[in-house]
Amino acid sequence: MKAIGIILAGGNNKRMKELSYNRAIAAMPMVGTYRSIDFALSNMSNSRIQKVAVLTQYNTVSLNEHLNSSKWWDFGRKQGGLYVFTPTITAENSNWYRGTADALYQNLHFLKRSHEPYVVLASGDGIYKLDYNKILEYHIQKRADITVVCKEMPEGEDLSRFGQVKADDDGRIRGYEEKPMVETSRNVSCGIYVIRRRLLIELIERAAEEDRYDLVKDILIRYKDIKRIYAYQLETYWNNISSVEAYYRTNMDFLKRDVRSYFFKEGNSVFTKVDDLPPAKYNPGANISNSLIACGSIVNGTVENSVVFKKAYIGNNCVIKNSIIMNDVYIGDNAVIENCIVESRGTIEANACYKSEPGDIRIVVEKKDRFII
């Protein structure tokens with residue numbers, strides 16, 4: 001593909017509460033064995049983008065560990081590869097990334113030293129499958145300056161955390177509001193963009209000269225009536241996990257057969273870093289229904305409508321319902337957990353009870369004696 005890829009994975013979000021205290025959102029564990037960023041990286045690899053940069057900033061320890069080898073996503077090439085960039089103190093600059101546009105500006109050397117004519121920009125917190133070649137074809141067909149991937153969201157979804165887009169019949173964006181308090185459109189930006197590399201360099205340098213730091217507010221919205229900015233409508237599954245509710249709901253979506261089939265059986269694969277762990281073990285007394293149990297886990301109790309991540313231990317007579325049990329959690333005998341997210345590396349005492357009402361997800365953080373990854 002005649003494009004380079006950039007994944008913006010440096011942001012933090014208070015909507016994630018305790019879940020993002022010790023890790024980047026792009027490093028959030030997903031579906032038992034994956035990380036959020038795996039979906040964007042897999043899309044890049046499957047689209048034959050050979051050169052990809054990941055821009056990181058907040059809580060990067062677990063994310064950098066996950067990205068310590070490019071072989072899992074097939075970026076270990078003589079030409080191209082996977083690059084991880086963090087804010088760097090130089091003679092000219094001592095700032096952290098002040099926004100998405102500033103993150104690109106501080107790594108402008110990556111854009112200038114590349115030769116591909118186009119850039120695919122994506123966020124690290126989107127869960128989806130997409131062939132970026134289709135967006136590039138649309139981009140060229142429309143003779144667009146910038147193409148924004150958009151999704152029509154269903155009724156009842158909280159849209160205040162999204163950029164909301166209005167496009168005309170030809171697909172050209174005529175209105176764009178970033179996270180408005182009042183809903184203006186159900187068509188939202190997915191945080192995925194295609195743009196000519198030279199144009200991106202020009203816009204980023206101009207924004208830096210004017211002390212503007214945000215890609216959406218200071219480029220997309222500011223230039224929507226000047227540049228040809230088009231919306232590419234995504235019809236398949238997409239979700240953003242940047243809130244506790246969205247993270248919980250997205251994991252629970254994978255309990256549906258059609259969603260699992262779409263991601264793991266149809267079309268291209270989703271890749272991730274592989275741990276050498278034994279398969280999940282179900283001891284006598286285990287009762288599993290409509291759940292995902294990851295490798296390295298041991299189950300002795302009842303698990304219903306739940307996602308259990310790697311190396312979890314669930315004791316005798318435990319009842320786990322409608323919950324997410326994250327990596328390396330120990331749950332003692334007779335514990336009851338319902339409508340909760342149990343943080344990684346926690347220890348739940350025997351006979352403990354954590355319950356919450358459906359739709360009011362509780363985050364359980366107990367006795368962390370090791371760093372959360």
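Keep in mind the model is a prediction, meaning the values are calculated, not measured.

Student: Looking at this model, I keep getting lost on the sheet that holds strand S22 (residues 324–325). Mind explaining?
Tutor: Adjacent strands of a sheet form backbone hydrogen bonds with each other and so pair up, either parallel or antiparallel. One open sheet holds the five strands; their spatial order is S16-S19-S22-S25-S28, and the pairing between them is parallel. A strand with exactly one partner marks an edge of an open sheet, and here the two such strands are strand S16 (292–293) and strand S28 (362–364). Relative to strand S19 (residues 307–308), S16 runs parallel, the two being bridged by two bridges. Looking across to S19, one finds that Leu292 is bridged to Val307.

Student: What should I look at first to understand the environment of Ala294 in this one?
Tutor: Within the secondary structure, Ala294 is located in the loop between S16 and strand S17 (298–299). When near neighbours in sequence (up to four residues on either side) are disregarded, Ala294 contacts Gly32, Thr33, Ala280, Val308, Phe309 and Lys310.

Student: What am I meant to see in helix H9 (residues 257–264) here?
Tutor: Each α-helix winds once per 3.6 residues, and so residues spaced three or four apart point in a common direction. When we look at burial in H9, the residues that qualify are Val259, Tyr262 and Phe263. Projected down its long axis, H9 carries its buried residues within an arc of 90°, all on one side. Close packing links the buried residues of H9 with helix H1 (37–46), strand S7 (126–128) and helix H8 (244–253).

Student: What's the story with the pairing of strand S10 (residues 173–178) in this structure? I'm lost.
Tutor: The two faces of a sheet get side chains in turn, since along a regular strand they alternate between them. In this sheet, S10 lies alongside strand S9 (residues 163–167) in antiparallel orientation, the contact comprising five bridges. Residue pairing across strands places Gly163 opposite Glu178, the latter belonging to S10. Where S9 folds back on S10, the antiparallel hairpin that results is connected by five residues, among which Gly171 adopts a positive phi of roughly 95°.

Student: Looking at this structure, I do not really get the layout of surface pockets. What am I missing?
Tutor: Over the atoms rolls a probe the size of a water molecule, and its path tells where empty space is left. In this model, the largest pocket occupies a volume close to 1000 Å³. If you go around the largest pocket, you meet 37 residues; those closest to its centre are Gly11, Thr100, Asp125, Glu178 and Lys179. Secondary-structure elements contributing two or more residues to the lining of the largest pocket are strand S1 (3–9), helix H3 (100–106), S10, strand S11 (187–196), helix H7 (215–220) and strand S13 (238–240). If one sorts the elements of the lining of the largest pocket by residue count, S11 sits on top with four residues.

Student: Any chance you could explain empty space enclosed by the protein here in plain terms?
Tutor: Overall, the coordinates contain two cavities of 30 Å³ or more when judged by the stated rule. In this structure, the largest cavity encloses a volume near 40 Å³. For the largest cavity, the full set of lining residues is Leu121, Ile146, Tyr193, Ile195, Leu200, Leu215, Ile219 and Leu220. Mapped by element, the contributors of at least two residues to the lining of the largest cavity are S11 and H7. Of the residues forming the lining of the largest cavity, the biggest block, three residues, is contributed by H7. Residues of the lining of the largest cavity, tallied by class, amount to eight nonpolar, no polar and no charged. Size it by volume and the second largest cavity reaches roughly 30 Å³. As for the second largest cavity, its lining consists of Ile6, Ala53, Leu55, Phe85, Ala103, Leu104, Asn107, Phe110 and Leu111. Broken down by secondary-structure element, the contributors of at least two residues to the lining of the second largest cavity are strand S4 (51–56), H3 and helix H4 (108–112). In the lining of the second largest cavity, the residues fall into eight nonpolar, one polar and no charged.

Procedures and definitions
- Residues numbered from 1 in each chain as written.
- Predicted model: local features only at pLDDT ≥ 70, side-chain atom pairs only at ≥ 80, totals over all residues.
- Heavy atoms only, no water.
- Pairing = 2+ DSSP bridges.
- Helix = DSSP H or I, 4+ residues; strand = E, 2+ residues; numbered from the N terminus.
- Contact = heavy atoms within 4.5 Å.
- Buried < 20%, exposed > 50% of the residue type's maximum accessible area, 1.4 Å probe, protein only.
- Arc of directions from axis to C-beta.
- 1 Å grid on protein atoms, 1.4 Å probe; cavity = no way out; pocket = protein on both sides within 12 Å on 5 of 7 lines; lining within 4 Å.
- Points joined across faces, edges and corners; volume = space filled by probe spheres on them.
- Nonpolar A, V, L, I, M, F, W, Y, C, P; charged D, E, K, R; others polar.

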